[in-house]
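# Coordinates in review
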Amino acid sequence: MKTRRNLNTLPNNQTVVTIGTFDGVHIGHQKIIKRLINTGKLEGLQSVILTFFPHPRMVLQKDSDIKLINTIDERQDILDDLGLDYLVIKKFTHEFSRLSAEDFVKNILVDKLKAKKVIIGYDHRFGRNRNADINDLKTFGGIFGFEVEEISVEDIDDVAVSSTKIRKALNEGDIEMANAFLGYHFMLTGKVTKGKGLGKKLGFPTANIEIEETYKIIPKQGSYIVKALIKDKPVYGMMNIGMNPTVNGETQTIEVHFFDFDEDIYGKTIQIDLLHRIRDEEKFESVEALKLQLGKDKNTALEYVSNL
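Described below are features of the structure shown in this document.

Here is what the cut-offs are and how they apply
Residues numbered from 1 in each chain as written. Predicted model: local features only at pLDDT ≥ 70, side-chain atom pairs only at ≥ 80, totals over all residues. Heavy atoms only, no water. Helix = DSSP H or I, 4+ residues; strand = E, 2+ residues; numbered from the N terminus. Buried < 20%, exposed > 50% of the residue type's maximum accessible area, 1.4 Å probe, protein only. Contact = heavy atoms within 4.5 Å. Lys, Arg positive; Asp, Glu negative; His and termini not counted. Charge placed at Lys NZ, Arg CZ, Asp CG, Glu CD. Phe/Tyr/Trp six-rings, centres within 6.5 Å; stacked < 30°, edge-to-face > 60°. Salt bridge = Lys/Arg side-chain N within 4 Å of Asp/Glu carboxyl O. Arc of directions from axis to C-beta. Patch = residues over 30% accessible without salt bridge, like charges linked within 9 Å, V, L, I, M, F, W, Y side chains within 5 Å. Areas by Shrake-Rupley, 256 points an atom, 1.4 Å probe, with all protein chains shown as cover. Pairing = 2+ DSSP bridges. Axes fitted to C-alpha atoms, helices over the stretch in contact; angles between N-to-C directions. Parallel < 35°, antiparallel > 145°, perpendicular 65-115°, else oblique. Nonpolar A, V, L, I, M, F, W, Y, C, P; charged D, E, K, R; others polar. Expected span 1.5 Å × (residues − 1).

### Quick look at the overall build of the chain
Within the chain, the regular secondary structure consists of 10 helices and 12 strands. With the C-alpha coordinates of the chain rotated into their principal frame, the extents come out at 75 × 40 × 35 Å. In the chain, which comprises 308 residues, the proportion classed as buried is 48%. Long-range pairs, those at least 24 residues apart, make up 74% of the contacts in the chain with a sequence separation of at least 6. Across the chain, 43 positive and 45 negative side-chain charges occur, with their mean positions spaced 4 Å apart.

Now the structure itself:
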């Protein structure tokens, strides 16, 4: 897959295009993307996803507290694995939001993307104030020479329900449900930084994960069984998301204790896949009680991993 952020660097081949944010790239999205890719192969067209970043709500609603399932880099990596030809990431700005429907179709879909076919949801709206719909797109298709293939209400409902359920599951700590809808493990990607060293004193040294993207959804606080790929090798561990109430922590941290691992990864950016939730975060009566619980958590995690 080739990624383009500049619309002037696209190929001259004719394309089949779909448009959307595709946050999560979950099983509903994947169904549409496979349809896009198969159409491209059958009709000799390059398959293209046109997506937007920042998310339009981040730009148009400054007080929006929207949280996304993927960072833009995570979304790119997931799409890369699906066999797409091109991912086009268009920077969403106020100026772009004021583009008329006809100018969007002519200048971007036709002139830049060379669209021969557009696969789009029945409820898709576009152009200034989102005042154009799929019927307008079909009219433009007749004018500019591209076909519009409509995604049914059933398929669109699958996508909408999945996104809603994934966010709800993550907020409730139901990582298994979230992963089932995603079709892969929910991930957190961040830089490994030094913490206060409490984990090391307890015999459970941790890597603090600092996530730069404030729009990324963070699951419910608690302990999780996780996996990371470090130097192409899978490494398992347990992760705590929370405030560290036993030691009067004041800010939320994300800390991972890796099993049978003793390499310096400070400053590295790593992806943490969440496999299973162990328990809620608790305030223990003493540091010793916390240490005892961490030992139990580790045993739980090792048993889970041994059954994978």
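### So, the packing of aromatic side chains
Considering all chains together, one arrives at 8 aromatic pairs under this definition. Both rings, one in Phe52 and one in Phe96, keep their centres 5.6 Å apart while their planes meet at 40°; by these two values the pair is tilted. With a gap of 44 residues between them, Phe52 in strand β3 (residues 46-53) and Phe96 in helix α4 (residues 94-97) connect regions that are remote in the sequence. Residue Phe52 is classed as buried on the basis of its relative accessible area, which comes to 11%. The exposure class of Phe96 is buried, given its relative accessible area of 13%. A ring pair is formed by Phe104 and Phe126, whose centres lie 6.0 Å apart and whose planes are at 45°; its orientation type is tilted. Taken together, the positions of Phe104 in helix α5 (residues 101-110) and Phe126 in the loop between β5 (115-121) and α6 (134-144) put the pair 22 residues apart, joining distant regions of the chain.

### Description of the pattern of salt bridges
Summed over all chains, the structure comprises 16 salt bridges. Measuring nitrogen to oxygen at the nearest pair gives 2.7 Å for the salt bridge that ties Lys216 to Glu74. Residue Lys216 is found in the loop between β8 (207-210) and β9 (222-230), and its partner Glu74 is found in helix α3 (residues 72-80); the two are separated by 142 residues along the sequence. Assessed through its relative accessible area of 3%, Lys216 is described here as buried.

### Some remarks on α5
Turning to α5, its buried residues number three or more, namely Ala101, Phe104, Val105, Ile108, Leu109 and Val110. Projection of α5 onto a plane perpendicular to its axis shows the buried side chains occupying an angular sector of 155°, all on one side. Buried residues along α5 sit in contact with β2 (15-19), β3, β4 (86-91), α4, β5 and α6.

### Here we look at a negative patch on the surface
The grouping of Asp73, Asp77, Asp80 and Asp81 at the surface amounts to a negative patch. Within the element layout of this structure, Asp80 appears in helix α3.

### What to know about the sheet that holds β8
In a beta sheet, neighbouring strands are held together by backbone hydrogen bonds and run either parallel or antiparallel to one another. Taking strand neighbours around the barrel as the criterion, the 6 strands line up as β7-β8-β11-β10-β9-β12 in a closed arrangement whose pairing is antiparallel. Neighbour-to-neighbour, the strand axes of the sheet open up by a mean angle of 45°, direction not taken into account. Relative to strand β12 (residues 269-279), strand β7 (residues 187-193) is paired through 5 bridges, and the arrangement is antiparallel. If you follow Lys191 over to β12, its bridge partner there is Thr269. Sheet strands touched by helix α10 (residues 287-306): β9, β10 (233-242), β11 (253-258) and β12. Its angle to β12, the strand with the most contacts, is close to 100°.

### Regarding the packing of helix α1 (residues 27-43) against helix α7 (residues 153-172)
When two helices pack together, their arrangement is captured by the angle between the axes and the distance separating the axes. Taken N-terminus to C-terminus, the directions of α1 and α7 make an angle of 140°; their axes are 7 Å apart at the nearest point. As the angle between them shows, α1 and α7 are arranged oblique. Listed contacts from α7 to Gly28, His29, Lys31, Ile32 and Arg35 of α1 are Asp155, Asp158, Val159 and Ser163. Among the residues making up the contact of α1 with α7, the classes are represented as 2 nonpolar, 3 polar and 4 charged.

### Structural notes on α1
Spanning 17 residues, α1 covers 24 Å between terminal C-alpha atoms, matching the ideal 24 Å at 1.5 Å per step. When α1 is considered as a whole, its buried residues turn out to be Gly28, His29, Gln30, Ile32, Ile33, Leu36, Ile37, Thr39 and Gly40.

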